[in-house]
Amino acid sequence: MQQSFNVAAIPASGGTSLPVLFNEGVVEGAAFTSRRPLVPGGIVSLFGSGLASTISSATTIPLERQLEQTSVRVGGVEAPLYFVSPGQINAQVPYEARPGDTVSIVVNVGGRLTSPQNYQIAAAQPGIFTDSLGAAILDEQFRRITSTNPARVGRVLQIFAGGLGDTIPPAGSGEALAGGSDTTFPVSVSIGGIDAPVQYDGLAPGYVGLYQVNVIVPAGVVAGP
């Protein structure tokens, strides 16, 4: 998926090369939608240049707060990190950020800091994860829903989403729940304009910041491309 950003850079004194966080370069991680508030526990992507010296991915849960020499501070708290590279970081907004807050986000690369950017925190900002193949939606046998494997009326769909907010029981920043949970805000799903019965809405067991919503494809949905 491609994303466009405006870049403003100021040369550092002494010829030091500083990392740059692109203007409005922190976006929700499901579909890279910009200009939306961030959510406690939500997955975000940060875009810029010089954000890391190399590519590195998390290898443990709870997630590490530093990969290589890169860390991200969100409102004074080091954010759990999924992935870092020179141009992109994937991180989790710490649960310490609460709805109504405005937080400053700064990337630290070996003691070299990006200019701070401020972002609002909302209780929820739902988004379905997508990639080049489309939405991250599986059937009840964990097969991707595609044109060759379409959704079927009366069968279960597993929708993987971000930004659904707090859950009961809660998860800590960078942590995964071994079992199921329930979102504190009601989740509804419509398919083809028809409400789909929701069987589960909570964090995906074993994953950090990833939500799973299981629904039944309702009768009356018209087949389409």
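Structural notes, computed from the coordinates. (Residues numbered from 1 in each chain as written. Predicted model: local features only at pLDDT ≥ 70, side-chain atom pairs only at ≥ 80, totals over all residues. Heavy atoms only, no water.)

1. Description of the packing of aromatic side chains
- Within the structure shown, the criterion is met by 1 aromatic pair.
- Taking the centre distance of 5.3 Å and the plane angle of 80° together, the rings of Phe32 and Phe47 count as edge-to-face. Residue Phe32 is found in the loop between strand S1 (20-28) and strand S2 (43-49), and its partner Phe47 is found in strand S2; the two are separated by 15 residues along the sequence. For the pair Phe32 and Phe47, a shared accessibility class is recorded, and that class is buried. (Phe/Tyr/Trp six-rings, centres within 6.5 Å; stacked < 30°, edge-to-face > 60°. Helix = DSSP H or I, 4+ residues; strand = E, 2+ residues; numbered from the N terminus. Buried < 20%, exposed > 50% of the residue type's maximum accessible area, 1.4 Å probe, protein only.)

2. What about the nonpolar core?
- Grouped together as the largest cluster of nonpolar side chains are 23 residues, with contacts concentrated most on Val26, Leu38, Leu46, Val72, Ile89 and Ile105.
- With residues up to four places along the chain from it excluded, the contact list for Ile105 reads Leu21, Val26, Leu38, Leu46, Val72, Arg73, Val74, Ser115, Pro116, Gln117 and Tyr119.
- In terms of nonpolar packing, the next biggest core, distinct from the first, is built from 15 residues, Tyr95, Ile137, Val189 and Leu203 among them. (Core = buried A, V, L, I, M, F, W, Y, C linked by side-chain atoms within 4.5 Å. Contact = heavy atoms within 4.5 Å.)

3. So, the side chain of Ser173
- Structurally, Ser173 can be placed in the loop between strand S16 (167-168) and strand S17 (182-183).
- Residue classification places Ser173 among the buried residues on the basis of a relative accessible area of 12%.
- Residues within four places of Ser173 in sequence aside, it is in contact with Arg65, Pro80, Gln92, Pro94, Tyr95 and Glu96.

4. Remarks on the environment of Val217
- Tracing the backbone shows Val217 in the segment after strand S21 (211-216).
- Residues Val217 and Ile145, spaced 72 residues apart in sequence, show a C-alpha to C-alpha distance of 12 Å.
- Setting aside anything within four residues of it in sequence, one finds Val217 in contact with Ala151, Arg152, Val153, Gly154, Arg155, Leu157 and Ile191.

5. So, the sheet that holds S2
- As summarised here, the arrangement of the 5 strands in space is S1-S2-S7-S6-S3, forming an open sheet in which the pairing is antiparallel. Of all strands in the sheet, those with a lone pairing partner are S1 and strand S3 (56-57), marking the two edges.
- Here 5 bridges tie S2 to strand S7 (residues 88-92), and the two strands are oriented antiparallel to one another. Within the sheet, the bridge partner assigned to Ser45 lies in S7 and is Asn90. (Pairing = 2+ DSSP bridges.)

6. What to know about empty space enclosed by the protein
- Using the criterion set out here, one finds 1 cavity of 30 Å³ or more in the structure.
- Computed from the structure, the largest cavity encloses a volume of approximately 90 Å³.
- Grouping the amino acids of the lining of the largest cavity by side-chain chemistry returns 6 nonpolar, 5 polar and 1 charged. (1 Å grid on protein atoms, 1.4 Å probe; cavity = no way out; pocket = protein on both sides within 12 Å on 5 of 7 lines; lining within 4 Å. Points joined across faces, edges and corners; volume = space filled by probe spheres on them. Nonpolar A, V, L, I, M, F, W, Y, C, P; charged D, E, K, R; others polar.)

7. Focus on the side chain of Gln88
- For Gln88, the position within the fold is in strand S7.
- One polar contact links Gln88 to Asn90, side chain to side chain, over a distance of 2.9 Å.
- Residues within four places of Gln88 in sequence aside, it is in contact with Phe32, Ser45, Leu46, Phe47, Leu51 and Phe83. (Polar contact = N/O pair within 3.5 Å; in protein donor to acceptor, adjacent residues only side chain to side chain.)

8. A few points about the environment of Asp101
- Mapped onto the secondary structure, Asp101 falls in the loop between S7 and strand S8 (102-109).
- As for Asp101 and Gln120, which are separated by 19 residues in sequence, their C-alpha atoms are 6.0 Å apart.
- Beyond its immediate stretch of four places on either side in the chain, Asp101 contacts Glu96, Tyr119, Gln120 and Ile121.
- Separated by 2.9 Å, the side chain of Asp101 and the backbone nitrogen of Arg98 make a polar contact.

9. Considerations on the pattern of salt bridges
- Applying the stated criterion to the full structure yields 7 salt bridges.
- Taking the shortest distance from any N to any O, the salt bridge between Arg35 and Glu24 comes out at 2.8 Å. With Arg35 in the loop between S1 and S2 and Glu24 in strand S1, this residue pair connects regions lying 11 residues apart in the sequence.
- What makes Arg35 exposed here is its relative accessible area of 71%.
- Close ionic contact of Arg155 with Glu140 constitutes a salt bridge, the shortest N to O distance being 2.4 Å. Placement of the pair is Arg155 in the loop between strand S14 (137-139) and strand S15 (156-162) and Glu140 in the loop between S14 and S15, with a sequence separation of 15 residues.
- We classify Glu140 as partly exposed; its relative accessible area is 35%. (Salt bridge = Lys/Arg side-chain N within 4 Å of Asp/Glu carboxyl O.)

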